Amino acid sequence: MNEKLKEKIKESLTSVLPISVIVLILSITLVPMEIGTLAMFLTGAVLLIVGMGFFQLGAEMAMTPLGQGVGGELAKSRGVFPVVLLCFLMGAIITIAEPDLQVLANQVASIPNQVLILTVAAGVGIFLAVAVLRIRFHIRLSQLLLGLYILLFILSYFSPSAFAAVSFDAGGVTTGPMTVPFIMAFGVGLSASRSDRGGEDDSFGLVALCSIGPIMMVMLLGIFYHPTEAVYTPVEVAAVTTTQDVARHMLLALPHYTKEVLLSVLPIAAVFLVFQLVKRVYRRKQLLRMSVGLGYTVIGLILFLTGVNVGFTPVGNLLGSGLAESTMKWILIPIGILVGYYIVKAEPAVQVLNQQVEEVTSGAVSRGMMNLSLSIGVAAAVAVSMLRVLTGLSIYWIIVPGYLFALAISRLVPPVFVGIAFDAGGVASGPMTSTFLLPLAMGACTALGGNVVTDAFGIVALVALAPLIAVQVMGLVYVHKSKSMAKSGDMPLAEDSVIDLEEETL
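Since the model is a prediction, treat every value here as computed from it, not as a measurement.

Novice: Explain the overall build of the protein to me, using residue names and the numbers behind them.
Specialist: For the protein, the count of helices and strands is 21 helices and zero strands. Taking all 506 residues of the protein together, the buried fraction comes to 57%. The contacts of the protein with a sequence gap of at least 6 include a subset with a gap of at least 24, amounting to 86%. Total accessible area computed for the protein in this model is approximately 20,200 Å², and 66% of it derives from carbon and sulfur atoms.

In structure tokens:
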């Protein structure tokens with residue numbers, strides 16, 4: 001087996017294993033499950049692990065160089081309209097193939113899957129264009145984010161209140177394993193042509209802006225599709241008695257998800273082909289590597305969606321229902337804390353982000369500090385989500401103060417931390433959040449007789465909010481440490497860098 005593929009599958013195993021162990025323990029203690037149900041879950045987990053391994057390697061081989069290539073070519077273009085049009089098309093096409101979005105679409109009963117996916121894709125496309133225009137016209141990210149979030153909250157006042165949680169979740173799931181590698185690479189390629197120090201700062205923040213677009217678009221969609229009008233049908237685990245039954249259910253689902261994946265990835269392959277024919281950016285060896293990467297992406301997506309929808313998600317729903325129906329309903333909160341802590345700790349993309357912050361700060365903010373702050377932040381976010389399921393607390397009481405606080409402290413930290421923090425929201429709300437935590441909350445909400453749309457949805461949004469605060473708090477720690485080291489003469493960075501940081505945070 002390819003060594004790189006082994007490494008990616010191992011990373012996926014690290015992500016899925018803690019959740020699988022927690023489910024096994026709960027099935028023995030609090031929520032007994034039939035052997036057939038457990039077999040479906042474990043088979044789904046295996047498919048998810050292998051699928052994510054193939055998918056992540058494929059995205060790295062195909063999406064990253066494609067993003068850098070397109071970003072680099074756009075940086076050379078002087079015309080604004082062609083840049084805006086191409087950014088919109090690329091953002092929309094990449095989002096359509098996002099597996100996290102497809103998982104969410106399957107769980108929003110009130111809107112047809114394709115309508116939701118296309119709406120969200122349009123939002124990402126529009127705001128990828130906005131992100132590129134920001135870089136071109138040197139607009140400060142914190143100022144733009146402040147203006148856009150004010151506009152977002154004004155829009156939320158006019159859209160159906162029941163649609164708020166779904167809208168914010170849409171913003172979280174779009175920045176997933178397909179979109180993030182492309183957009184991050186796109187930003188690197190776009191800012192690489194700039195020789196000034198601001199170029200490095202501008203390579204961050206694209207993911208942050210691209211997550212705002214879907215929220216706005218879905219809120220607008222909520223005016224036409226009212227979720228309260230739809231009857232939510234709980235996900236049911238397929239009845240199986242033998243291992244042959246498990247295999248049969250998985251195989252029967254493969255053709256459906258194969259068709260979905262091919263329809264999603266085909267536009268990306270077409271863009272890749274047209275881009276190469278017009279610009280001749282990639283050499284033969286790189287073309288072959290990227291083609292293989294697209295193949296890996298297709299295989300990974302098929303296995304991932306089959307495992308998630310047939311085996312993994314239904315058991316998450318069943319587990320939430322079983323815990324809510326027990327005499328100890330409150331146990332949802334500590335279990336949420338436990339799952340949230342390990343979910344973010346195991347996300348491979350989070351570890352990449354933590355290493356990135358350590359390098360940017362020259363060790364002043366270590367990976368250990370980042371790991372701990374993100375784990376605590378996400379654990380708290382999941383705990384609050386479970387509290388919402390139990391009490392019906394409106395998401396606005398958490399989202400609005402949370403974003404206001406995040407936007408307020410963005411004025412006090414270096415710009416690079418603002419970009420990293422808002423990008424980190426998409427990184428933390430990875431595949432495990434939409435495939436396990438959301439079904440867990442939905443199952444619990446259904447068992448308690450709550451409103452799934454208002455009380456269960458929103459968990460992805462809260463998980464995405466936690467890093468915005470955690471990373472910027474680490475930025476404040478970095479500024480404080482830098483000033484202390486400057487006074488003592490033991491500085492990790494050049495003195496003029498700290499002076500720049502002080503000026504930029506004023």
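Novice: So what about the nonpolar core? Which residues, and what values?
Specialist: Membership of the largest hydrophobic core comes to 162 residues, with the highest contact counts inside it found for Met63, Leu66 and Phe186. The biggest single contributor to this core is helix α2 (residues 35–76), with 18 residues. With residues up to four places along the chain from it excluded, the contact list for Leu66 reads Met90, Phe182, Ile268, Phe272, Phe275, Tyr282 and Met290.

Novice: Describe in detail the packing of aromatic side chains, supporting the description with residues and values.
Specialist: To describe a pair of aromatic rings, one takes the distance between the centres and the angle between the planes. Taken as a whole and judged by the stated rule, the model has 11 aromatic pairs. Centroid distance Phe54 to Tyr296: 5.5 Å. Interplanar angle 65 degrees. Geometry classified as edge-to-face. Of the two residues, Phe54 sits in helix α2 while Tyr296 sits in helix α12 (residues 284–325), which places them 242 residues apart along the sequence. Pair check on accessibility: Phe54 and Tyr296 agree, each one buried. An aromatic cluster is defined as three or more aromatic residues linked by ring pairs; in this entry it consists of Tyr149, Phe153, Phe168 and Tyr403.

Criteria and cut-off values
Residues numbered from 1 in each chain as written. Predicted model: local features only at pLDDT ≥ 70, side-chain atom pairs only at ≥ 80, totals over all residues. Heavy atoms only, no water. Helix = DSSP H or I, 4+ residues; strand = E, 2+ residues; numbered from the N terminus. Buried < 20%, exposed > 50% of the residue type's maximum accessible area, 1.4 Å probe, protein only. Contact = heavy atoms within 4.5 Å. Areas by Shrake-Rupley, 256 points an atom, 1.4 Å probe, with all protein chains shown as cover. Core = buried A, V, L, I, M, F, W, Y, C linked by side-chain atoms within 4.5 Å. Phe/Tyr/Trp six-rings, centres within 6.5 Å; stacked < 30°, edge-to-face > 60°.

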